[in-house]
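Examining the three-dimensional arrangement
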Amino acid sequence: MNYQSVIVTYNRKDKLIEALNSLLNQKVPPIRIILIDNHSTDGTEKKLKETGLLRHPKIVYIQMPQNYGGSGGFYHGIEEAMKYTDFDFLSLSDDDAIYKPDFFELISKYQQAHPNIKAFSGTVQYEDGTIQIDHRRRILDDRWYRQDDIPITEYHQNFEVDLLSFVGCVISRGLIEKIGLPEKDYFIYYDDT
């Protein structure tokens, strides 16, 4: 899988370092990481310099002039990512998303076996391993846009979703070109649904 990643961060420098390293240490690593710093005030840039990550050749660091919130950060990150033509898929995550080392290897294998599927996601877990089910949902009623979380009983196998958060999703370049950039004005709530 030929992919690049977008991470949006705001004032979580320690988690960000862990998140970046989890991407850089993948069995199938990204070709590039677009890091959108949503105008952090906690010394994020300094921490990135101290760890050497700011000089890493795969990291494109963009410090925003203000905090654009989740959707605004992803809007700008995806916009920047789409300037590159050397990728087929784009992963999206926040600064506290820590990937298991084989995450993209597994996504890649599934994508190769199912080339008609254009978006993938993994299971989101809390630090204690508990599955966070509110990141993957199904629409129950199109008319009223009623939705529900995927039942935890389905998480032992692959399943289809209607709605997913930006945490750990992988979307094809072609699909992004078709549907466009996220709505940037949501700021936080429902910004990635």
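Not measured: the values here are computed from a predicted model.

**Details of the packing of aromatic side chains**
Inspection of the entire model under this criterion finds eight aromatic pairs. Taking 4.2 Å as the distance between ring centres and 10 degrees as the angle between the ring planes, the aromatic pair formed by Y3 and F104 counts as stacked. Of the two residues, Y3 is situated in strand 1 (residues 3-9) and F104 in helix 4 (residues 103-113); the sequence distance between them amounts to 101 residues. There is no split in this pair, since Y3 and F104 are both buried. Considering the side-chain rings of F89 and F120, the 6.2 Å spacing of their centres and the 55 degrees angle between planes classify their relative orientation as tilted. Highlighted residues: F89 in strand 4 (residues 89-94) and F120 in strand 5 (residues 119-121), separated in sequence by 31 residues. Exposure class is identical for F89 and F120. Each is buried. In textbook terms, an aromatic cluster arises when at least three aromatic residues are bridged by ring pairs, as seen for Y3, Y99, F103 and F104. Stacked on the ring of Y84, the Lys or Arg R32 has its end atom at 3.7 Å from the ring centre.

**Things to note about the side chain of Q111**
Relative to the assigned elements, Q111 resides in helix 4. Filtering out sequence-adjacent residues up to four positions away, Q111 remains in contact with M1, F89 and F120.

Scoring rules and cut-offs
Residues numbered from 1 in each chain as written. Predicted model: local features only at pLDDT ≥ 70, side-chain atom pairs only at ≥ 80, totals over all residues. Heavy atoms only, no water. Phe/Tyr/Trp six-rings, centres within 6.5 Å; stacked < 30°, edge-to-face > 60°. Helix = DSSP H or I, 4+ residues; strand = E, 2+ residues; numbered from the N terminus. Buried < 20%, exposed > 50% of the residue type's maximum accessible area, 1.4 Å probe, protein only. Lys NZ or Arg CZ within 6 Å of the ring centre and 35° of its normal. Contact = heavy atoms within 4.5 Å.

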